[in-house]
Amino acid sequence: MSVTQILFPKSIELEKEMTFFSGTSDGEKIFSQFKTAEDLVRYVEQSFEYLDITRIPLMFKPGRVLDVGVAYGLTSAYLALKGFDVTCVEPALKLCQDMDANFSRLGIKAQVVQGIGEVIDQIKGPFELVVFYSSLHHCDDMDKTLSGARRVLVPGGKIFLFEPVLKFYRSKAWFFRQMEEHPEKVGHYGGNEHIYRTSEYIDYLERVGFKNVTVVPSLTYSRAPKKAPWDNALRFFLKRIYFWGVRTLLLRLPGVPALLNKLSLLNPVIVGEN
């Protein structure tokens, strides 16, 4: 295998993000745990962070998938091992090269492309599915990215989004202040961060022509979260109570999940049709 490179514009913020990922060894540490491809599958399926990627083999038949903004490549590797024909896209060249080497070592077949969301329409398709797994919010031009996703999808193809959302009672000013003061709490990677409410993701999808947009709560509510480094005992206890309450009470009440999504209170999975 080898890395395919596509020319793309690099803003100052994108350069910061690429520099961050090029300097981290987290991907190498994760992949060093895997002696076999089956080890990787178990890791993903047991991980709180990657739980919603396990939905895809249950929701869609194996076909051509374009996985955009994949970082270390775990989502792409998982889908490939579940029978999908995967092309994955990542801006940082080092991560692309690491992915290519890790995939080869584990016998995983996936095409690795260095690029960004805004240029995915240059990738040879068509695809049955385009996936943004916590990556669409890094794109500077949502309209261009989503329009490109439509162009590479077959008619009737689907887009699958799993993205962080801004709760209705928070402002974007609050989010960007958090990035400056507590970057670890909002997963800040040095640059190129944006935040949207659930309704904004839906509006963007519909504006470029996606149809039958549906929203379901993240599977992360089915498990108790792990304790974060900044959680004290009380905060962690309240977090577990919140997840328990969402899972056992709110998600079971008719109409309540739709209301919570409308208020941008739940981490959502959003699916649209080309």
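Above this note sits the structure.
Let me sum up the structure you'll find in this document.

Cut-offs and rules
Counting restarts for each chain: residues are numbered from 1 in the order of the written sequence. Under the rules for a predicted model, residues below a pLDDT of 70 receive no local features and side-chain atom pairs below 80 are neither given nor counted, while totals for whole chains, interfaces and linings still include all residues. Excluded from the side-chain calculations are hydrogens and water; all other atoms, namely the structure's heavy atoms, are used. For the purposes of this section, nonpolar cores are sets of buried Ala, Val, Leu, Ile, Met, Phe, Trp, Tyr and Cys residues that join through side-chain atoms within 4.5 Å. Note on exposure labels: buried denotes an accessible area under 20% of the residue type's maximum, exposed denotes more than 50%, and partly exposed covers the range between, all computed with a 1.4 Å probe on protein chains only. Strand pairing is assigned whenever DSSP identifies at least 2 bridges connecting the two strands. A helix here means a DSSP run of H or I that spans at least four residues, while a strand means a run of E at least two residues long, and both kinds are numbered starting from the N terminus. Lines fitted to C-alpha atoms define the axes, with helix axes restricted to the stretch in contact, and inter-axis angles between N-to-C directions lie between 0 and 180 degrees. The contact rule is simple, with two residues in contact once any of their heavy atoms fall within 4.5 Å. Between 65 and 115 degrees an angle is taken as roughly perpendicular, under 35 as roughly parallel, over 145 as roughly antiparallel, and anywhere else as oblique. Each helix crossing is assigned a hand: it is left-handed if the near helix lies turned anticlockwise from the far helix by less than a right angle, otherwise right-handed if that turn is clockwise. In this classification, the charged set is Asp, Glu, Lys and Arg, the nonpolar set is Ala, Val, Leu, Ile, Met, Phe, Trp, Tyr, Cys and Pro, and all remaining amino acids, among them Gly, are polar.

## Concerning the nonpolar core
Stage number 1. By size, the foremost hydrophobic cluster in this structure holds 38 residues, and its most contacted members are Leu 40, Ile 53, Ile 56, Phe 103 and Phe 160.
Stage number 2. In terms of nonpolar packing, the next biggest core, distinct from the first, is built from 33 residues, Val 89, Ile 123, Leu 153 and Tyr 204 among them.

## Topic: the sheet that holds strand 3 (residues 85–90)
Stage number 1. Pairing within the open sheet is mixed, and its eight strands lie in the order 1-4-3-2-5-6-8-7. The open sheet has two free edges, formed respectively by strand 1 (3–5) and strand 7 (211–217), since each of these has just one partner strand. Neighbour-to-neighbour, the strand axes of this sheet turn through a mean angle of 20°, independent of strand direction.
Stage number 2. When strand 7 meets strand 8 (residues 268–273), the two strands line up antiparallel, connected through five bridges. If you follow Thr 214 over to strand 8, its bridge partner there is Val 271.
Stage number 3. Sheet strands in contact with helix 5 (residues 74–81) are strand 2 (64–68), strand 3 and strand 5 (127–133), and its direction is about 175° off that of strand 3.

## Details of the packing of helix 7 (residues 142–152) against helix 9 (residues 198–207)
Stage number 1. Orientation of helix 7 relative to helix 9, taken along the N-to-C sense of each, is 55°, at an axis distance of 9 Å. Judged on the interaxial angle alone, helix 9 and helix 7 are oblique. Between helix 7 and helix 9 the crossing geometry is right-handed. Across the interface between the two elements, Met 142, Asp 143 and Leu 146 from helix 7 touch Tyr 201, Tyr 204, Leu 205 and Arg 207 from helix 9.
Stage number 2. The class makeup of the residues in the contact of helix 7 with helix 9 is five nonpolar, no polar and two charged.

Functional significance is not addressed by these values, which are geometric in nature.
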